[in-house]
Amino acid sequence: MTPAEPRPGLRETRPYASPQPDVAIRLNTNECPYPLPEGFVEHLQEAVRALTLNRYPDREAVRLREALSAHTAHPVEGTWAASGSNEIIQQLLLAYGGPGRTSLVFSPTYELHSRLTWVTHTEIAEVPMEAPWLLGRQHVAQAAQAQPSVVFVCSPNNPTGNAQPVEQVERLASSLDALVVVDEAYIEFGGRSALGLWREHPNVVVVRTMSKAFALAGARLGYCLATPEVIDDLRRVRLPYHLSALAQAAALTALQHTEDAMNILDAVRGERERLSAELSRIPGVTPYPSDANFVLFRPHADAGEVWRALLERGVLVRDVSAAVPGCLRVTAGTPDEVDGFLSALKEVV
Ligand SMILES: *Cc1c(COP(=O)(O)O)cnc(C)c1O
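Values in this document were obtained by computation on a predicted structure and should not be read as measured data.

S.K.: I'm lost on the site of the ligand in this one. Help?
M.R.: Neighbouring residues of the ligand: 13 residues in total, closest Ser 85, Tyr 186, Thr 209, Ser 211 and Lys 212. Within the side chain of Ser 211, one N or O atom sits 2.6 Å away from an oxygen atom of the ligand. For the ligand, the protein covers 94% of the area, taking 390 Å² as the surface of the free molecule. At a threshold of 2 Å from the grid points, most atoms of the ligand map onto the largest pocket. Classifying every residue of the shell around the ligand gives four nonpolar, six polar and three charged.

This is how it looks when you write it as structure tokens:
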């Protein structure tokens with residue numbers, strides 16, 4: 001008996017993973033640095049206790065989708081939720097990508113867009129952008145040439161931090177026969193949302209997450225806002241009961257505590273601004289402007305060496321030099337974490 005052969009190229013593909021060594025200051029994955037507020041945790045306990053986990057969850061997540069609809073002022077028929085926005089993106093690609101179709105990304109951007117394109121057997125096309133990584137007419141024209149079925153725009157963009165002009169997203173939507181997927185994982189921190197476009201441009205889909213601003217990365221909750229037709233297409237490819245009752249309860253509770261989340265936002269934005277200001281004062285590094293909860297910066301020394309030297313001092317940031325040559329990315333943490341990062345960096349460079 002010979003071992004089974006996996007799909008061509010599978011063994012050459014590394015699993016998606018970033019180093020997660022156990023260190024004191026973790027500023028590498030853009031999570032909310034604060035624990036959930038006490039009142040939230042108590043409500044969540046009650047909500048979990050009331051669940052009937054011997055039964056399958058509500059397949060349509062009706063209560064959660066109604067709450068998301070109220071939160072975003074988007075019709076409930078056009079609102080959909082899944083286990084993280086990554087699952088939403090995979091469902092979109094299952095429905096609109098596939099063999100013989102192409103999905104397009106503007107690079108550098110979030111790795112999962114191209115990775116899930118590959119996972120779903122979709123062809124990938126890339127339009128490269130230069131600093132400051134702003135989408136312009138020329139990029140839209142280049143994208144049209146690739147005749148993609150799906151186009152990803154990440155705004156604010158990870159890992160560069162800048163938001164994209166909504167006018168260019170609209171230009172994409174009107175000049176291409178593609179589903180234009182706008183990943184707004186960081187929209188609560190800055191930038192203008194593309195959500196207003198869908199009525200005039202039904203090919204626009206906005207994807208969001210509760211992993212960042214809502215401090216709920218561990219619960220796995222992403223959602224998308226689109227036309228009811230797009231949501232019906234996602235129903236055709238989703239797994240039965242793809243969203244657990246626990247995740248639905250956690251997200252629903254979080255939406256009842258939106259005010260707490262929004263209070264934390266101010267603190268996080270404040271630390272981002274402090275990071276940017278302090279980084280621009282350190283000789284030997286160049287920071288880039290950010291609309292998100294992280295800052296991209298370029299050490300003038302070798303990025304890999306700076307990354308390791310920070311790690312030796314108990315500070316973990318993200319080495320994004322494979323996507324943006326020479327650059328590292330740091331999450332806006334608590335004031336103490338930011339202080340720890342800044343003093344370690346000053347020693348290193
Ligand atoms: C963090 C992040 C997400 C979040 O993914 P989840 O699966 O919802 O945790 C999505 N898109 C981008 C660009 C991100 O940086």
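Moving on, there is more to tell.
S.K.: Would you mind showing me how to read a nonpolar patch on the surface here?
M.R.: A surface patch of nonpolar side chains, amounting to about 240 Å² of accessible area, comprises Val 48, Leu 53 and Leu 246. Along the chain, the position of Val 48 falls in helix α1 (residues 38-49).

S.K.: Would you explain the pairing of strand β13 (residues 328-331) in this entry?
M.R.: For a regular strand, side chains alternate in direction, first toward one face of the sheet and then toward the other. Burial of the side chains of β13 extends over both faces: Leu 328 and Val 330 are buried on one face and Arg 329 and Thr 331 on the other. Pairing analysis gives four bridges linking strand β10 (residues 294-299) to β13, with the strands arranged antiparallel. Each bridged residue has a counterpart across the sheet, and for Phe 294 the counterpart in β13 is Thr 331. When strand β12 (residues 318-319) meets β13, the two strands line up antiparallel, connected through two bridges. Of the residues in β13, the one forming a bridge with Asp 319 is Leu 328.

Calculation rules
Once a new chain begins, its residue numbering starts again from 1 and follows that chain's sequence as written. Confidence filtering applies because this is a predicted model: local features only for residues at pLDDT of at least 70, side-chain atom pairs given and counted only at 80 or more, and all residues used for totals across whole chains, interfaces and linings. Values shown for side chains rest on all heavy atoms present in the structure; no hydrogens or waters enter the calculation. Nearness is judged by heavy atoms alone; a residue qualifies as near a molecule or strand once a single heavy atom is within 4 Å of it. Side-chain atoms alone can form a polar contact between residues adjacent in sequence; in general such a contact is a pair of N or O atoms within 3.5 Å, and within protein one must be able to donate a hydrogen while the other accepts it. What sets the accessible areas is the Shrake-Rupley method with a 1.4 Å probe; for residues, cover comes only from the shown protein chains. Cavities and pockets were defined on a 1 Å grid built from protein atoms only: a cavity is a group of points that admits a 1.4 Å probe but offers it no way out, a pocket is an open group of points flanked by protein on both sides within 12 Å along at least five of seven lines, and a lining residue is one with an atom within 4 Å of any such point. Whether a molecule lies in a cavity or pocket depends on its atoms, and more than half of them have to be within 2 Å of the grid points. Classification used: nonpolar for Ala, Val, Leu, Ile, Met, Phe, Trp, Tyr, Cys and Pro, charged for Asp, Glu, Lys and Arg, polar for all others including Gly. Residues enter patches when their relative accessible area tops 30% and they take part in no salt bridge; the joining distance is 9 Å for like charges and 5 Å for the nonpolar side chains Val, Leu, Ile, Met, Phe, Trp and Tyr. For this analysis, a salt bridge means a side-chain nitrogen from Lys or Arg found within 4 Å of a carboxyl oxygen belonging to Asp or Glu. To qualify as a helix, a DSSP run of H or I must reach at least 4 residues; to qualify as a strand, a run of E must reach at least 2; elements of each kind are numbered from the N terminus. Classification of residues uses two cut-offs on accessible area relative to the type maximum, computed with a 1.4 Å probe and protein chains only: under 20% is buried, over 50% is exposed, and between them is partly exposed. Should DSSP find at least two bridges between two strands, the strands are regarded as paired.

These figures come from the coordinates and say nothing about function on their own.
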